[in-house]
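Each chain is listed here by its residues.
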Amino acid sequence: MGIKVAKFGGSSAADVIQIRKLREIVEADPDRRYIIVSAPGKRFEEDNKITDILYLCYTHMEHKLPYDQLLQVIQDRFTSTAVNLGADVDFAKEFDVIKQNMAEGCTKDYVASRGEYLSAKLIAAYLGYDFVDGADMIFFDEKGRLLEEETNEAIKRELANHERAVIPGFYGTVAGTDNIKTFSRGGSDITGSIVARATGADVYENWTDVSGFLMADPHIVDNPKPIHEISYKELRELSYMGASVLHEDAIHPARIANIPINIRNTNFPDDPGTIIKAHHEDKESNDIITGIAGKKDFTVIGIYKNMMAREKGYARRILGILDDFDCNFEHIPSGIDNVSVVVSNKDLDGRLDELMEAFEKRLEPDHIECFENMSLIATVGYGMNRRKGVAAQLISALANANINLRMIEQGSSEINIIVGVENKDFEPAIRAIYDAFA
Ligand code: ASP
């Protein structure tokens, strides 16, 4: 028998109807043996995610405000779903424990994690699968970093005793303690990926409410084409630049074990979705690009100095200053006598004048200038390195759309061309690039 790890996101665990679909999917393939679940998400647009209500409960608890009613909303939701599904879970008892722990002053992560915990209890009972707690096999260090190898071994050990199990996503414990620690938001995707790695799964299925990745953001481009296959590397570039669906950190565990990730739609289970794997198999494909993604709100600081190219350690000094400001750089495109640094406005945190002053003082440039309100757009695809003239095509697409190109950079891997445009040109630039290549 093979092994498929299937992770169901909040929308797939939101209510009775969705959980019935989940069961149909699980039962359709006996290889779907390890099921990871998120906390119930929104049932309709104005609804609240259980995790958000739990964070609110914690804020109330922290400020010594009453939270009983909020907790009751959650308890009622789980209880009525269980009754309607005919799943036997003693939620009254579960909530007594949670209330007791909260009264004794538990941590924020503990409270937040209860959404996944209760969701897994419910779905395990409904499927007739074992419940296995992530707290017993996913470990973090005191700084909150995942202990990858210890976790991998512990999952292998624990799941060897369970042929079929439901595991709550999103959390584990600090090693050697009982303290619950969560991943960042959306982190159930990571749990799924590490379970897939540890069990040596044939595939990691990530069931959500979209049929995989699209070539561009559908809020910007009308009806973008779906991406059937994408490599881990391409996806990493696109997610870093803002394409969401899968948590950025969920790629790494599956990638090191060479396990394909398949993004699927719980509402349209026959759609093949997107397969993410090491390499495109489709060598015949004529697609030049795989996808386009981007982010707004960057600042580009251009530093010019005559004979800069001959001065040793100039770039190191620039980076040293950024380090002093605890500021990451996104890119450093350079010319002969100039270097530009691209930093996000979030990282700058209102300190642009201070940073410019430090550059002036410590680098003594001939000239320094900055462009605020810039966007970065990544055009990603393995097909690019097999073709000539892709950058030229991209630049003319932008020029034809009357968009001023402020920066262009291509990494040596040749799977990504990044352009910088003004924020106001962000959406038209993405549309122009899409129309040129899709
Ligand atoms: N429930 C958590 C969140 O809303 C984790 C997850 O769904 O992956 O962020």
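Up top is the structure these notes are about.
This is a predicted model, so every value here is computed, not measured.

(A) Structural context of the pattern of salt bridges. Under the criterion given, the structure shown has 18 salt bridges. In this structure, E149 engages R197 in a salt bridge whose closest nitrogen and oxygen atoms are separated by 3.1 Å. Highlighted residues: E149 in helix 6 (residues 148–159) and R197 in helix 7 (residues 188–199), separated in sequence by 48 residues. Of the charged contacts, one joins K424 and D425 as a salt bridge, the two residues approaching to 3.4 Å between their closest N and O atoms. One continuous salt-bridge network, built from bridges that share partners, spans R406, E422, K424 and D425.

(B) Representation of the sheet that holds strand 13 (residues 338–344). Here we have 5 strands laid out as an open sheet, ordered 13-12-14-16-15, and antiparallel in their pairing. The open sheet has two edge strands with one neighbour each: strand 13 and strand 15 (407–410). The average angle at which neighbouring strand axes cross in this sheet is 30°, direction not considered. Bridge count for strand 15 against strand 16 (residues 416–422) is 4 bridges, and the pairing is antiparallel. Pairing of I408 across the sheet is with V419, part of strand 16. Each of strand 12 (291–304) and strand 13 is contacted by helix 10 (residues 314–324), which is oriented at about 20° to strand 13, the strand it contacts most.

(C) Broad picture of the pairing of strand 10 (residues 261–265). In terms of burial, strand 10 is a largely internal element, 5 of the 5 residues being buried. The two faces of strand 10 match: I261, I263 and N265 on one face and N262 and R264 on the other face are all buried. Looking at chain direction, strand 8 (residues 203–208) and strand 10 are connected through 5 bridges and run parallel. Residue pairing in the sheet places W207 in a bridge with R264 of strand 10. Bridge count between strand 10 and strand 11 (residues 274–277): 3 bridges; the pairing is antiparallel. Looking at the pairing, I263 lines up with T274 of strand 11.

(D) How the structure looks around the side chain of T274. Assignment of secondary structure puts T274 in strand 11. On the basis of relative accessibility, which here comes to 0%, the residue T274 falls in the buried class. When sequence neighbours within four positions are dropped, the list of residues in contact with T274 reads S211, G212, F213, I227, H228, I230, I261, N262 and I263.

(E) Quick look at the packing of helix 4 (residues 91–103) against helix 5 (residues 108–127). The N-to-C vectors of helix 4 and helix 5 enclose an angle of 170°; their axes lie 12 Å apart at closest approach. In terms of their interaxial angle, helix 4 and helix 5 are classed as roughly antiparallel. Taken together, the residues of helix 5 that come into contact with helix 4 (itself represented by F91, E94, F95, V97, I98, N101 and M102) are Y110, V111, R114, Y117, L118, K121 and L122.

(F) Broad picture of the site of the ligand. The full set of residues close to the ligand is S38, T51, E116, F170, R185, G186, G187 and S188. One of the side-chain nitrogen or oxygen atoms of S38 is found 3.0 Å away from an oxygen atom of the ligand. S188 has a polar backbone atom sitting 3.0 Å from an oxygen atom of the ligand. In the complex, 91% of the free accessible area of the ligand, which totals 260 Å², lies under the protein chains. In the shell around the ligand, the residues fall into 1 nonpolar, 5 polar and 2 charged.

(G) The arrangement of the packing of aromatic side chains in detail. Taken as a whole, this structure holds 4 aromatic pairs when the rule is applied. Between F78 and F91, the aromatic rings sit 5.4 Å apart at their centres with planes inclined by 35°, giving tilted as the arrangement. Highlighted residues: F78 in helix 3 (residues 68–85) and F91 in helix 4, separated in sequence by 13 residues. Grouping residues by exposure puts F78 and F91 together as buried. Where Y117 meets F131, the ring centres are 5.5 Å apart and the plane angle is 85°; that geometry is what we call edge-to-face. Within this pair, whereas Y117 is found in helix 5, its partner F131 is found in strand 3 (residues 130–131), the two being separated by 14 residues in sequence. According to the relative accessible area criterion, Y117 is buried, its value standing at 12%. Between R114 and the ring centre of Y171, over which it is positioned, the NZ or CZ distance is 5.5 Å.

Rules behind the numbers
- Residues numbered from 1 in each chain as written.
- Predicted model: local features only at pLDDT ≥ 70, side-chain atom pairs only at ≥ 80, totals over all residues.
- Heavy atoms only, no water.
- Salt bridge = Lys/Arg side-chain N within 4 Å of Asp/Glu carboxyl O.
- Helix = DSSP H or I, 4+ residues; strand = E, 2+ residues; numbered from the N terminus.
- Pairing = 2+ DSSP bridges.
- Axes fitted to C-alpha atoms, helices over the stretch in contact; angles between N-to-C directions.
- Contact = heavy atoms within 4.5 Å.
- Buried < 20%, exposed > 50% of the residue type's maximum accessible area, 1.4 Å probe, protein only.
- Parallel < 35°, antiparallel > 145°, perpendicular 65-115°, else oblique.
- Near = heavy atom within 4 Å.
- Polar contact = N/O pair within 3.5 Å; in protein donor to acceptor, adjacent residues only side chain to side chain.
- Areas by Shrake-Rupley, 256 points an atom, 1.4 Å probe, with all protein chains shown as cover.
- Nonpolar A, V, L, I, M, F, W, Y, C, P; charged D, E, K, R; others polar.
- Phe/Tyr/Trp six-rings, centres within 6.5 Å; stacked < 30°, edge-to-face > 60°.
- Lys NZ or Arg CZ within 6 Å of the ring centre and 35° of its normal.

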